[in-house]
Structure formats: C-alpha cells, structure tokens
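Geometric and topological summary
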Amino acid sequence: MADKDLAGRKAIVTGSATGLGRSIALRLAERGADVIINCTRSIADGEATVAACNEVGAQAQLVAADVSTDEGARKLADAASAWGRLDILVNNAGITRHARDHSDLDALSREDFLDTYAVNVAGPFLVMQACKPLMVKAFEQTGRASTVLNISSIAGVTGIGSSVAYAATKGALNTMTLSLARALAPAIRVNAVCPGFIGTRWFKDEMGAEQYERLEASVARSTPLNAASGPDDIADSAVFFLTDASRHVTGETLLVDAGTHLGYAPLAAR
Ligand code: NAD
C-alpha cells in the first residue's frame, strides 16, 4: 500500500488515458491525490484510467479536451476550478511525426512542424496559462509551492529522436521549463523529465508487434543500463517532482533514459 503523502492534493495529468500519463496518474491516485484524466479521442482508455484511479481511493474524472487549443486548456482549468485550487499539473500530452532519417528534409512538411509544436509546446503553455490562477491559489492556501512537470524527451537534449520536428519541440519545452520556473517562483515550481525510449503504443502502433519486440531488445542491449524502459520506470522518477521530496527543486531537467545520453558502449564491450 502506497504512502498517502499526497492526500488532498488536486492534480491534472494531460494525455493520461494511455502510456506514461496513465502511469503517472495512477501513482498520484495511489498516493492520495484527486486527478483529472485528460484525452482527446481515447475515451474508452480514459474511462479505464479513471476507474483504476477510483479503485485505489482517488476521486478521478475524465475531461476530454485538446491541450493545443485555448478552449481545451480552459476546459481543463474550469474542471479544476471546482476544487478551488490546483496543486499539481503534469503536461504529458504529446505527439510526433515519425521521420527517423534526419537527413531527409522532405520527410517533414510545414504542417508537420506546426502540428507538433501546437501540441508539444503551445499545449503546455496554454494549460499553464489557464491553470496559473488556481496554482497560485494553492500556494496561497497551503504555503506550499504548487508543481508543474513537463514531460519532455531525451530528443530535446541530443537532437536524436523520432523526427527533427519532435526533437525541436522538446528542446523548446526544456527552455520553456527554465523561463517559467524563474518567472513563476515562488508560487509554482516548474521542472521537466526527459525520458529515453518508453515502450508505449507510440512505437507499437507504428511498427507492429514483431518489429516492436526487435526494437525493444535492441534498446535493452544498447543502453548503458541494459534496459528498455516501460511507462512505470519513467513514472517512478517523475513522481519525485510532484511530491514534497522535491520542494526545493525548480527549473530542473532530469534525464530518465537508462543512460542513453552517455552514448552507446561499443558492441565489443558488451
Ligand atoms: P501515448 O501516445 O500513449 O501518450 C500520449 C497521450 O497524449 C495520448 O494519450 C494522446 O491521446 C494524448 N494527446 C495527444 N495529443 C493530445 C492533445 N492535443 N490534447 C490532449 N491529449 C493529447 O505515448 P507516450 O509514449 O505515453 O507519450 C507520453 C509523453 O512522453 C509524450 O509527451 C511524449 O513526447 C513523451 N515521450 C515518449 C517517449 C517514448 O519513447 N514513447 C520518449 C520520450 C518522451
């Protein structure tokens, strides 16, 4: 049974019907927080996540909203306003366009860039903009800084990722984390996590089961820690930024990538 150290805290996790967002939402629920689950189209998955959170004693609700629009961001903040404050915001919703050959500049269009930016960069900003008054209220009511966690990517640090556009959006999100950590202190802490590979539908849907298994095995062989992370491996590190254990941490970017950023060890050494 998890320690209920987040009892009474109010949280939003965007893009939390599936994958990493679902894992983080479940951890918050297990530790006692009430959680708004968010998705755009994955309603059945969203309802399943709500049920799983309720099962561990949380008050969870589903809010279908597109984070890349003012209307969607406002809808999330309106749902949280019933609580009168917001302690935790996890900007997890993200998309990519797979174009792995970075030398093939024709693989990406203007629309690919703008669509990816809209969700991965404008989205976190718009949700923070809409939720800021509620997060400041949380600080005023509790004396404890509220906390934003941006789910970025190792692609934003190394420039290697599913596409040039995707890597650029995550680099921008890392910079925005610094700007807003400085601007919103002391009321709101803003941090980021940069996962490496995560075994989610992100890859499974794109490549099918057989190719996915080969990819997972090759990631496990080539990371310094010999590990292909699943959503729970990343969520366990991410939760640090949402609890009082990180109360003096803001503007931090944590790489959770089984050592990928260190570079691959030569095969002969393995
Ligand atoms: P996922 O597809 O399971 O999760 C992304 C979620 O975002 C989905 O539930 C989707 O419905 C939601 N979403 C997409 N656009 C949205 C919008 N406009 N409004 C609201 N919700 C929206 O994939 P995941 O791997 O769990 O990705 C979660 C986060 O982790 C993303 O930000 C992604 O960039 C990041 N990440 C993933 C990997 C990986 O290898 N899978 C690696 C590094 C970082």
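Bear in mind that the values here come from a model prediction, so they are computed numbers and not experimental data.

1. What about the overall build of the protein?
Regarding its fold elements, the protein presents eight helices and seven strands. Taken against the 2.2 N^0.38 rule, which gives 18 Å for 270 residues, the C-alpha radius of gyration of the protein at 18 Å falls within 12% of a compact globule. Taken across its 270 residues, the protein has 48% of its residues classed as buried. Long-range contacts, defined as pairs at least 24 residues apart, comprise 75% of the intrachain contacts of the protein with a sequence gap of at least 6. When the accessible surface of the protein is totalled, it reaches about 12,400 Å², and 53% of it is carbon and sulfur.

2. Points about unusual backbone geometry
A cis geometry characterises the amide bond from A185 onward to P186, with omega recorded as 5 degrees. Turning to its location among the elements, P186 is positioned in the loop between α6 (164-184) and β6 (188-195). With phi around 55 degrees, N226 is a residue other than glycine that occupies positive phi space.

3. Notes on the site of the ligand
As a structural note, the neighbourhood of the ligand is formed by 28 residues, with T18, D66, N92, Y166 and T200 the closest of them. Residue T18 places a side-chain N or O atom 2.7 Å away from an oxygen atom belonging to the ligand. A distance of 3.1 Å separates an oxygen atom of the ligand from a polar side-chain atom of R201. When isolated, the ligand has an accessible area of 820 Å², and the protein chains bury 94% of it. Secondary-structure elements contributing two or more residues to the shell around the ligand are α1 (19-30), α6 and α7 (201-222). Of all the elements, α7 adds the most residues to the shell around the ligand, at three residues. Of the residues assigned to the shell around the ligand, the class counts are 13 nonpolar, 12 polar and three charged.

4. Comments concerning the state of the cysteines
Inspection of the entire model under this criterion finds zero disulfides. In this model C39 remains outside any disulfide bridge; the closest cysteine sulfur is found in C53, 13 Å from its own. Owing to a relative accessible area of 6%, C39 belongs among the buried residues under this scheme. Look at C53 and you get buried, because its relative accessible area is 0%.

About the thresholds
Residues numbered from 1 in each chain as written. Predicted model: local features only at pLDDT ≥ 70, side-chain atom pairs only at ≥ 80, totals over all residues. Heavy atoms only, no water. Helix = DSSP H or I, 4+ residues; strand = E, 2+ residues; numbered from the N terminus. Rg over C-alpha atoms; globule rule 2.2 N^0.38 Å. Buried < 20%, exposed > 50% of the residue type's maximum accessible area, 1.4 Å probe, protein only. Contact = heavy atoms within 4.5 Å. Areas by Shrake-Rupley, 256 points an atom, 1.4 Å probe, with all protein chains shown as cover. Near = heavy atom within 4 Å. Polar contact = N/O pair within 3.5 Å; in protein donor to acceptor, adjacent residues only side chain to side chain. Nonpolar A, V, L, I, M, F, W, Y, C, P; charged D, E, K, R; others polar. Disulfide = S-S within 2.5 Å.

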